[in-house]
Amino acid sequence: MPVKIVLNESEIPREWYNIAADMPNPMQPPLHPGTHQPVGPEDLAPVFPMNLIEQEVSTERWIRIPDEVLDKLLLWRPTPLYRAHKLEKFLNCPVKIYYKNEGVSPAGSHKPNTAIPQAYYNKVFGVKRISTETGAGQWGSALSFACSQFGLEAKVYMVRISYEQKPYRRLMMNTWGATCVPSPSTETEAGRKMLAIDPNSPGSLGIAISEAVEDAVTSEAQGRPLTRYSLGSVLNHVLLHQSIIGLEAQKQLAQVGDYPDIVIGCAGGGSNFAGISFPFVRDKIAGKQIQIIAVEPMSCPTMTRGPFLYDFGDTMQMTPLLPMHTLGHAFIPAPVHAGGLRYHGMAPLVSQLILDGLVEPRAVYQLETFTAGVTWARTEGFISAPETNHALAAVFQEAKKAKEEGKEKVILVNWSGHGLVDLAAYDAFFQGKLVDYEMPQDEIELALKALEGFPKPNFS
Ligand SMILES: Cc1ncc(COP(=O)(O)O)c(C=O)c1O
């Protein structure tokens, strides 16, 4: 039985899969915050290039991947699918565990799978500069890499606490030629407003998104080169680009004659989870028996405790209202180490699939995730990103359950990124400095109060 199941370059998928074509209940439309009417492409035009807006609203099942994008993706794709033989032996449970190694990209995670096409479509549209936000720096570094590949300028607003505590990703961005500033910054109206309220604000993803969107929409008026905004998760076109992960995994599993009983991914905004799982959700809609699990932190329990409502994607209320599981746009999550999972909302497509019972959300404690990550490193060898460790914790839970039930199962997990730039988090774990944190119900209710006058999604 092989350790690595690899595809030739010629076997790379040539089309992305769009789940919007197959959902039993379509996603409800994003709404204009002023009129409460569905937003049209022209409302989004100051923020995104039209070719990406077309993908955002498309219901075509298959969308061709441009050759120029494939050419860049081939730098690290197809990624290997591993059989976790050593972990299986260690766990001694009746499971086969396969993992898709997305840590082999230049930035070290799945994020370049969408950064590359986004940079490409912006370039084709005539955009010269892209603004974005980043939490712990994974997305900012991926976009910086992609912009350098296409000769575009990149401006990254990085959540201040990470900017100060995690210099290495910022240095990766600088190495790829991007400019990175701590958010809240003095460079935007949104940043200045936040600093006036709290000069020591640690920042949040919601605030950094507000700054990056403002940067894009005010660029022309302020004499900067033509700029559009780019988001590394949540939106439909991002999830579409990530579908290449699951499409490759399907081909690889077919090579060894296997098919998963369980598919697992961690979920911050939902992109790597969607990437590995949506091609399998398609099979589930068509009748396959398969369990599909999205894993989040107990400290930011968007899917497991946040209601499905219309809410803003950012703190300063600049985005359209999105139908999603949310903890409220004003929610500032506890500073756990999985920075990429500290977002108040969840991708509308993932949220809808949860409502429809096709995706099962699960929350795990921080200490359990690091315990899983350390065991993984000591068996499989790879050191995982703290975000990825959430998915691994669920793998361990499912393996144990299979043993208790006496059932043989095949588990597929997305190994979304390596943790080589996150070793300070492992250090804190080894020193016993990490704690388990569960969000108090009254804090969630308080943050949700801000949504009281908003339109409500349809549940029929
Ligand atoms: C390695 C890794 N995994 C997962 C995530 C979560 O993001 P998403 O839910 O969009 O995949 C991040 C976000 O930064 C990440 O860096």
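In what follows, the structure referred to is the one given above.
Here is a short report on the structure shown in this document.

Reading the values: rules and limits
- Residues numbered from 1 in each chain as written.
- Predicted model: local features only at pLDDT ≥ 70, side-chain atom pairs only at ≥ 80, totals over all residues.
- Heavy atoms only, no water.
- Core = buried A, V, L, I, M, F, W, Y, C linked by side-chain atoms within 4.5 Å.
- Buried < 20%, exposed > 50% of the residue type's maximum accessible area, 1.4 Å probe, protein only.
- Contact = heavy atoms within 4.5 Å.
- Pairing = 2+ DSSP bridges.
- Helix = DSSP H or I, 4+ residues; strand = E, 2+ residues; numbered from the N terminus.
- Axes fitted to C-alpha atoms, helices over the stretch in contact; angles between N-to-C directions.
- Parallel < 35°, antiparallel > 145°, perpendicular 65-115°, else oblique.
- Left-handed = near helix turned anticlockwise from the far one by under 90°.
- Phe/Tyr/Trp six-rings, centres within 6.5 Å; stacked < 30°, edge-to-face > 60°.
- Near = heavy atom within 4 Å.
- Polar contact = N/O pair within 3.5 Å; in protein donor to acceptor, adjacent residues only side chain to side chain.
- Areas by Shrake-Rupley, 256 points an atom, 1.4 Å probe, with all protein chains shown as cover.
- Nonpolar A, V, L, I, M, F, W, Y, C, P; charged D, E, K, R; others polar.

## What about the nonpolar core?
- Counting residues in hydrophobic clusters, the biggest one holds 89 residues, and the most contacted among them are Tyr229, Phe278, Val350 and Leu412.
- If we skip the residues at most four places from it in the chain, Phe278 touches Tyr17, Ile19, Leu239, Leu349, Val350 and Leu353.

## Considering the sheet that holds strand 5 (residues 95–101)
- One open sheet holds the seven strands; their spatial order is 1-4-5-15-10-11-14, and the pairing between them is mixed. For this open sheet the edge positions go to strand 1 (4–5) and strand 14 (360–364), each flanked by a neighbour on one side alone.
- Packing of helix 11 (residues 236–255) onto the sheet brings it into contact with strand 1, strand 4 (81–83), strand 5 and strand 15 (409–415), and relative to strand 5 it is tilted by some 135°.
- Docked against the sheet, helix 16 (residues 386–405) engages strand 5, strand 10 (262–266), strand 11 (291–297), strand 14 and strand 15, running at close to 175° with respect to strand 15.

## Thoughts on the packing of helix 12 (residues 271–285) against helix 14 (residues 348–355)
- Where helix 12 contacts helix 14, the axes come no closer than 12 Å and their chain directions differ by 45°. Of the possible angle classes, the one that applies to helix 12 and helix 14 is oblique. The handedness of the crossing between helix 12 and helix 14 comes out as left-handed. Of helix 14, the residues touching helix 12 (which contributes Phe273, Ala274, Phe278 and Val281) are Leu349, Val350 and Leu353.

## Topic: the packing of aromatic side chains
- Using the criterion set out here, one finds 16 aromatic pairs in the structure.
- On the basis of an interplanar angle of 10° and a centroid distance of 5.0 Å, the ring pair of Tyr82 and Tyr99 is categorised as stacked. With Tyr82 in strand 4 and Tyr99 in strand 5, this pair connects stretches of sequence that are 17 residues apart. Here Tyr82 and Tyr99 have matching classes, each one buried.
- Here Tyr99 and Phe382 contribute two aromatic rings whose centre-to-centre distance is 6.5 Å and whose plane-to-plane angle is 75°, an arrangement assigned as edge-to-face.

## A closer look at the site of the ligand
- Ser233, Gly268, Ser271, Asn272 and Ser416 are the nearest of the 18 residues found near the ligand.
- Gly268 places a main-chain nitrogen or oxygen 2.7 Å from an oxygen atom of the ligand.
- Within the side chain of Asn272, a nitrogen or oxygen atom sits 2.8 Å from an oxygen atom of the ligand.
- In isolation the ligand offers 390 Å² of accessible surface; the protein chains occlude 96% of this area.
- At the level of secondary structure, the elements contributing two or more residues to the shell around the ligand comprise helix 12 and helix 16.
- Considered class by class, the residues forming the shell around the ligand number four nonpolar, 12 polar and two charged.

So yeah, pure geometry; function would need other evidence.
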